[in-house]
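What follows is the residue order along each chain.
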Amino acid sequence: MPSTRAQVQTAIGFPKKKLARTPSKGLGSCRAPEPSGATLGPAPALPLSPRKRLGDDNLCNIIQLAPCSPTKQSKKENGPPSVSHKGRRLFFGEQLTARSPDKRSNLVLSPIRKGQETPRSSECSPKKEVVCTHLFKQEGSCYQQVKRVLHTAVPDRLHAREKETDFIKQFLKEHVCREKPGSLYISGAPGTGKTACLSKILQDFKGKLTGSKTIVLNCMSLSSSQAVFPAIAEQMGLQAVAKMAGKEITRKLEKQLTAKGAPMILLVLDELDQLDSKRQDVLYTVFEWPWLANSRLVLIGVANALDLTDRMLTRLQARPKCKPQLLNFLPYTKDEITSILQERLKQVPGAQVLDSAAIQFCARKVSAVSGDARKALDVCRRAIEIVEVDVRSQTVLKPLPGCKSPTSSMVSPVPKRVGLPHISQVISDVYGDRMAPRGGEANDSFPLQQKILVCSLLLLAKQSKAKEVMLGKLHEAYSKVCRKQQVAAIDQSECISLVASLESRGILGLKKAKETRLSKVFLKIEERDVEHALTDGVLVGNILAGGLL
């Protein structure tokens, strides 16, 4: 029996389980017995589980290498360490101390698994960069710059008005500089550059007009046509004369204008047609001043009507020397409006905000309606505001300050360009037919009372030949029209509400005063557009045809 047990243990080839766990044996003497040559060969497959296996099959008896030597790496440098049954042998006591350096080496040599935790790996791998973008609201500062250059104030250079500018300059040199009295009447449709051209010339001629006094009055701001004489007296420094009234103030002014040694006076009356009166006494008096004996006055009148002097001042035809020189400003053409818009847009550096097709479309539409350059500038500015509101409501990815990102060079300075649809929307919504029902509204969305009020204002403006009408007179005319058409009228307090509704719709304008009856109402769109829209209805057509009588 003893010999049989020895053979069996030699054939198994590993020590007993008790010997491996015995603490009394030294660490250095724990070595597996060498198998004999008769038993060498491939080991049979063991059905035991890994916890019950011992020896080489459980990776306990592996050849020991130097403790400082690193573990072998596979061919792929950053790959996970391969588990092999053939490695260095470890004694049971050295098992814990031998595994700790392996863990440290794996932390250093495996940047893919631990790259985000160690600064060394983040420096070596360029793909793992800090995020350089953030969500931002778009600024749209380019739109602000373009809106600033599309102003309607006096520009530095007036395009397509060289001929008219030379004519006015020659008139000033001949009459003001040479102290020769005279008069000039400038006519033209709104927005054709009359006032802007004259203001630019007067600004340039400041040095040449030092020996004379320049008085500029806008007759639209006067309460009545007779109020022009006190306004002129105040500008001349005659405070006592300004408090006079009637023929006495005109006599004092004529005496001052014909005094010997007095400086030349250049009187500019803008919106001259507002001085229209029943017998045209004010206009006749003003136009006769330059032809008084020893007169020191040079008169320049500006208005829209081309035939104002022929239609309203017929007496001037009998006195040819009192007839003023005439200068007419023609409406801007499509090419001229296009040049004006392009010249303004060139003042803004960088990419163009408006498409060329949008500019051409705006110029073509405005020139066909009125030739008003101010309206073209307003259309473009309004279209830019629509796009700006749309852009500011968007959220985009944008590089953080001080961070270089490859996508930062791809960001366009103009987030969204103004195209033809935006210009078309503005022309149809803001400057189109405001009297017609809007999209999605019923055909009777424009109330009848508002239509009657607009008709009353239109008839009253034609009868009084004034653009602004007091609210008290408008309500009287409205009440008269309602009685004539047998329609129930509203009182004055409700009339204010109607005017406010029409003002919000962009049809009327309101200038408030201390007293409600003295508030001034005026049309904000062309009279012909109002007539064209209101003649569709039978009742409204009868009101316009019958008048206020």
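Residues numbered from 1 in each chain as written. Predicted model: local features only at pLDDT ≥ 70, side-chain atom pairs only at ≥ 80, totals over all residues. Heavy atoms only, no water.

- The name an unreviewed UniProt entry assigns to the protein chain is Cell division control protein, from the organism Alligator mississippiensis.
- For the protein chain, the Function (unreviewed entry) comment in UniProt is given as "Involved in the initiation of DNA replication. Also participates in checkpoint controls that ensure DNA replication is completed before mitosis is initiated."
- Note on the protein chain: under the UniProt heading Sequence similarities (unreviewed entry), the record states "Belongs to the CDC6/cdc18 family." (UniProt positions renumbered as here; feature names shortened; annotations may be inferred.)

1. Concerning the overall build of the protein chain
1) Next: A count of helices and strands for the protein chain gives 22 helices and 10 strands.
2) Next: Per-residue burial over the protein chain gives 35% buried out of 549 residues.
3) Next: Once local pairs closer than 6 in sequence are excluded, the contacts in the protein chain between residues at least 24 apart make up 77%.
4) Next: In the structure as shown, the protein chain presents an accessible area of about 33700 Å², 54% of it carried by carbon and sulfur atoms. (Helix = DSSP H or I, 4+ residues; strand = E, 2+ residues; numbered from the N terminus. Buried < 20%, exposed > 50% of the residue type's maximum accessible area, 1.4 Å probe, protein only. Contact = heavy atoms within 4.5 Å. Areas by Shrake-Rupley, 256 points an atom, 1.4 Å probe, with all protein chains shown as cover.)

2. As for the packing of aromatic side chains
1) Next: Throughout the structure, instances matching the rule amount to 1 aromatic pair.
2) Next: Arg161 extends its terminal NZ or CZ atom over the ring of Tyr332, reaching a point 4.1 Å from the ring centre.
3) Next: Here Arg315 stacks its cationic end above the ring of Tyr284, 3.8 Å away from the centre of that ring. (Phe/Tyr/Trp six-rings, centres within 6.5 Å; stacked < 30°, edge-to-face > 60°. Lys NZ or Arg CZ within 6 Å of the ring centre and 35° of its normal.)

3. A closer look at the nonpolar core
1) Next: Residues Val228, Phe229, Leu269, Leu272, Leu275 and Leu308 are the most contacted members of the largest nonpolar core, which totals 37 residues.
2) Next: Contributions of two or more residues to this core are made by strand S3 (212-218), helix H9 (228-235), helix H10 (239-242), helix H11 (247-257), strand S4 (264-270), helix H12 (281-288), strand S5 (297-303) and helix H13 (308-312).
3) Next: Every residue in contact with Phe229, bar those within four places of it in the chain, is listed here: Ile249, Thr250, Leu253, Val282, Thr285, Val286 and Trp289.
4) Next: Within the second largest apolar cluster, 34 residues are counted, among which are Leu354, Ile359, Ala373 and Ile384. (Core = buried A, V, L, I, M, F, W, Y, C linked by side-chain atoms within 4.5 Å.)

4. Considering the environment of Leu458
1) Next: By the element assignment, Leu458 lies in helix H18 (residues 448-464).
2) Next: Taking the C-alpha atoms as reference, Leu458 lies 7.3 Å from Glu527; in sequence the two are 69 residues apart.

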